[in-house]
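Structure assessment
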Amino acid sequence: MDERDILTRFKAGTLERGLAVQLLAELEAAPQRPAPRPAPEPAAAGEPATARVPETTDRYAVVGIAGRYPLAPDLRAYWQNLREGRDTSSDAPLGRPGRSPLGAGERGHFLDGATEFDPDFFGLTAESAALMDPQERLFLETAWEALEDAGCTGARLDALTGPGGAPRGVGVFVGVSAADYALVAAENWARGGRRMPASGHWRTAGRLSALLGLNGPAHAVDAAEASALVAVHLAVGALRRGECAAAVAGGVELLLHPSRGRRGAGEGVGAVVLKPLARALADGDHVHAVVRSTSAGAPGGAEAAGLRETAGTTARRVGDAGAATGLAALTAAVLQLRHGTLAPAQDGAPATPWPRPRDARGRELPRVATVEVAGPEGARLGARAVLEEFVPARRTDAGHGDGPDAGHGDGPDAPRGDGRADGHGDGPGGATGELILLSAPTPAHLAASAARLADWLAADSAGSGDDTAADGDRAPLADVARALRAGRAARPCRMALTAHDVPHLVEVLRDFADGGAHPADGVRCVDLRAGDADPLGLGEAPETRDYLAALWRAGRTEQLTRLWLSGLDVDWAALEHRSGDGAPAPLVPLPPSAFLRRPLWLGHPDGTEGTETAG
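Keep in mind the model is a prediction, meaning the values are calculated, not measured.

What follows concerns the overall build of the protein. On a plain count of helices and strands, the protein comes out with 18 helices and 17 strands. Looking at the 615 residues of the protein, the share that counts as buried comes to 53%. Residue pairs at least 24 apart in sequence account for 72% of intrachain contacts in the protein once pairs closer than 6 positions are excluded. Split by element, the accessible area of the protein, about 25,400 Å² in all, is 51% carbon and sulfur.

If you want it as structure tokens, here you go:
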């Protein structure tokens with residue numbers, strides 16, 4: 001980054017004064033022999049030498065994140081676009097129903113497949129899905145992906161108890177302002193159609209809450225461009241007041257009617273899963289970033305040094321994305337914090353390293369980013385969030401630190417697999433291989449998810465525990481196996497196998513996806529959709545929990561696997577917790593389950609149009 005780029009970022013408001021001064025000073029000193037930094041004072045016993053112990057009081061962890069943006073079907077592609085400063089504008093999508101929302105010569109920023117949806121995944125019919133606002137459908141899929149990224153589906157979702165001890169105490173807060181599908185419905189009515197979609201933005205939050213049986217507050221927010229960031233603010237407030245144990249917050253915007261067409265229009269959808277930081281560390285969650293503070297309406301107080309993401313910076317990347325603007329900006333901030341890299345602020349500029357600040361004792365401090373989206377002129381609808389890089393405390397004393405996240409370090413002693421430092425504890429795995437479990441709502445979904453996992457494992461950045469991770473990072477097979485067992489919901493179509501290493505797992509998954517895997521490969525599959533799950537009714541017996549724990553302690557992996565394949569829902573995370581290994585190691589994020597989407601649009605006889613696509 002040269003002096004011109006630094007000044008350009010500062011004038012554009014994407015660099016705070018303190019960071020700009022620091023970068024200019026380092027640039028000026030570069031041609032000379034750099035002066036040595038002040039030697040840090042000796043650290044107190046148990047104190048990290050290079051990073052402070054994370055503050056957990058009134059801090060909130062981003063434990064899951066997902067999104068789709070123009071020319072970016074997932075966050076790996078979104079990060080590549082950010083890093084390269086890619087122009088995501090295009091002509092209006094040709095395959096969408098209705099008239100073009102753009103005039104001649106105009107360009108916008110659009111999502112691919114915005115009218116597609118996978119009703120079977122969520123147990124819905126195509127006819128009912130066609131009556132849902134596509135924004136509602138898109139947010140439903142993205143929120144599910146964020147929950148899977150957090151490992152908060154299935155038993156781990158049940159364990160999030162809210163007030164009164166009710167399971168699945170998760171709030172839902174979504175920013176949404178457009179209502180284009182209602183205009184499409186009115187035009188369809190004028191042509192003689194009599195099937196009308198249900199109206200009201202509340203359904204975008206309520207649908208997710210109802211389908212997953214969540215027992216937390218569910219609210220939709222319309223605050224123009226600040227909608228999604230206000231949703232994050234409301235989610236943090238609900239967590240602070242103890243109204244829920246975790247929260248899904250996000251925003252969605254689609255341009256589906258020409259009445260709102262405009263040059264530079266944008267689309268997008270994003271969601272994050274939030275937890276109090278102390279709870280996230282205790283639960284063994286992977287922390288993407290930390291929310292230090294949020295505010296809405298009035299300014300949020302003192303400026304925080306570091307990166308600034310605004311509606312302006314977001315518009316250059318994804319266009320005028322309306323209610324999704326705040327989540328697009330927040331996601332960009334999280335990715336830059338995670339990678340320690342500043343995305344280009346202007347076309348043609350390169351991404352640049354982002355040095356950590358240091359305190360007076362010379363110790364590195366976490367990077368900080370401010371996300372700020374103003375409301376319409378004259379309206380106090382804006383919102384602001386201050387994010388901080390999550391830097392785990394280093395492990396000391398043979399892996400037993402004294403910080404709030406002791407045991408969650410990333411050094412050579414960090415726990416792997418089943419929570420033991422050597423990766424060979426009381427759980428499945430070890431010298432005989434790792435137990436891999438996959439499940440899905442239908443056999444076609446199971447095959448598509450197997451193919452997606454195989455492709456992810458085979459990619460250059462595969463196995464990193466992070467779909468946007470730097471090349472070269474790879475997580476052990478034990479970590480992947482544990483995340484699949486403990487962090488995913490058990491669906492009716494199930495597959496179990498034992499993998500000896502990542503290449504072996506990739507080979508078997510690809511054979512299965514192609515229809516070639518068979519019992520000789522160690523793959524066992526069942527389809528429990530006919531209702532014959534758990535034929536002995538063990539799930540109803542209170543003694544079953546202790547029985548499963550005894551099998552786990554005795555290393556009876558085969559018996560546990562057979563019970564799981566019979567339809568008994570085994571709480572693998574609880575078994576690990578009861579085995580006495582202490583606080584669980586963080587679950588590595590994995591690629592989400594595959595959706596089998598097909599176009600669904602109001603006005604077609606069966607609500608469908610076109611063919612099915614995997615995504």
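What follows concerns the sheet that holds strand E13 (residues 434-440). Spatially, the three strands line up as an open sheet ordered E13-E14-E15, and their pairing is antiparallel. The open sheet has two edge strands with one neighbour each: E13 and strand E15 (524-527). Direction aside, neighbouring strands of the sheet carry axes that sit 15° apart on average. Note that strand E14 (residues 493-499) and E15 share four bridges and pair antiparallel.

Here we come to the side chain of Arg-68. With respect to the secondary-structure elements, Arg-68 resides in strand E1 (residues 60-68). It is Glu-141 that comes nearest to the buried, bridge-free Arg-68 among opposite-charge side chains, at 4.1 Å. In this structure the side chain of Arg-68 is engaged in a polar contact, spanning 2.6 Å, whose partner is the backbone oxygen of Asp-112. Excluding its chain neighbours within four sequence positions, the residues that come into contact with Arg-68 are Pro-73, Leu-111, Asp-112, Gly-113, Leu-138, Glu-141, Gly-268, Val-269 and Arg-597.

What follows is about the sheet that holds strand E7 (residues 289-296). Taken in spatial order, the nine strands line up as E4-E3-E5-E6-E1-E7-E12-E11-E8 in an open sheet, and their pairing is mixed. Strands with a single pairing partner mark the edges of an open sheet, and in this sheet they are strand E4 (218-221) and strand E8 (307-310). Between one strand axis and the next, the sheet turns by 25° as a mean value, whatever way the strands run. Of the pairings in the sheet, the one linking strand E5 (residues 246-253) to strand E6 (residues 268-276) comprises seven bridges and is antiparallel in character. Residue pairing across strands places Gly-251 opposite Gly-270, the latter belonging to E6. In the packing of helix H12 (residues 325-339) onto the sheet, contacts are made with E1, E5, E6, E7, E8, strand E11 (368-373) and strand E12 (383-388), and the angle to E11 comes to roughly 170°.

Next up on the list: the pairing of E1. The side chains of a regular strand alternate, first on one face of the sheet and then on the other. A large share of E1 lies buried, amounting to nine of its nine residues. The pairing of E1 with E6 spans eight bridges and is classified as antiparallel. Residue pairing across strands places Ala-61 opposite Lys-275, the latter belonging to E6. As paired strands, E1 and E7 are joined by three bridges and run antiparallel to one another. Note on E7: the bridge partner recorded for Tyr-60 is Val-291.

Scanning the entire structure with this criterion turns up 31 salt bridges. For Glu-389, the salt bridge is made with Arg-367, and the minimal N-O distance between the two is 2.9 Å. A residue pair is termed long-range when its members are at least 10 positions apart, and Glu-389 in the loop between E12 and E13 and Arg-367 in the loop between strand E10 (352-353) and E11 qualify at 22 residues. The same class applies to Glu-389 and to Arg-367, which are both buried.

Closest axis-to-axis distance for the helix H11 (residues 311-318)/H12 pair is 9 Å, and the angle between their directions is 90°. The angle between H11 and H12 falls in the class roughly perpendicular. Residue-level contacts link Ala-311, Thr-314, Arg-317 and Val-318 of H11 to Thr-325, Ala-328, Ala-329, Ala-332 and Gln-336 of H12.

Here we come to helix H8 (residues 202-212). If you check which residues of H8 are buried, you get Thr-204, Ala-205, Leu-208, Ser-209 and Leu-212. When H8 is viewed along its axis, its buried side chains cluster within an angular range of 125° and face the same direction. Residues of H8 that are exposed and point over 90 degrees away from its buried face: Trp-202 and Ala-210. The elements touched by buried residues of H8 are helix H5 (134-149), strand E3 (170-175), E4 and E5.

Enumeration according to the criterion identifies eight aromatic pairs in this entry. Between Tyr-69 and Tyr-78, the ring centres sit 4.4 Å apart and the planes meet at 25°, which makes this aromatic pair stacked. Given a relative accessible area of 2%, Tyr-78 falls into the buried group. With a centroid separation of 5.1 Å and an interplanar angle of 70°, the aromatic rings of Tyr-181 and Trp-601 are classed as edge-to-face. Taken as a pair, Tyr-181 in helix H7 (residues 180-190) and Trp-601 in the loop between strand E16 (596-599) and strand E17 (613-614) lie far apart in primary sequence, 420 residues in all. The same class applies to Tyr-181 as to Trp-601, namely buried. Through successive ring pairs, a cluster of aromatic residues spans Phe-117, Phe-121, Phe-122, Trp-144 and Phe-595. The ring of Phe-121 carries Arg-491 above its face, with NZ or CZ at 4.8 Å from the centroid.

Conventions we followed
Residues numbered from 1 in each chain as written. Predicted model: local features only at pLDDT ≥ 70, side-chain atom pairs only at ≥ 80, totals over all residues. Heavy atoms only, no water. Helix = DSSP H or I, 4+ residues; strand = E, 2+ residues; numbered from the N terminus. Buried < 20%, exposed > 50% of the residue type's maximum accessible area, 1.4 Å probe, protein only. Contact = heavy atoms within 4.5 Å. Areas by Shrake-Rupley, 256 points an atom, 1.4 Å probe, with all protein chains shown as cover. Pairing = 2+ DSSP bridges. Axes fitted to C-alpha atoms, helices over the stretch in contact; angles between N-to-C directions. Lys, Arg positive; Asp, Glu negative; His and termini not counted. Salt bridge = Lys/Arg side-chain N within 4 Å of Asp/Glu carboxyl O. Polar contact = N/O pair within 3.5 Å; in protein donor to acceptor, adjacent residues only side chain to side chain. Parallel < 35°, antiparallel > 145°, perpendicular 65-115°, else oblique. Arc of directions from axis to C-beta. Phe/Tyr/Trp six-rings, centres within 6.5 Å; stacked < 30°, edge-to-face > 60°. Lys NZ or Arg CZ within 6 Å of the ring centre and 35° of its normal.

Any functional reading would require information beyond the geometric quantities listed.
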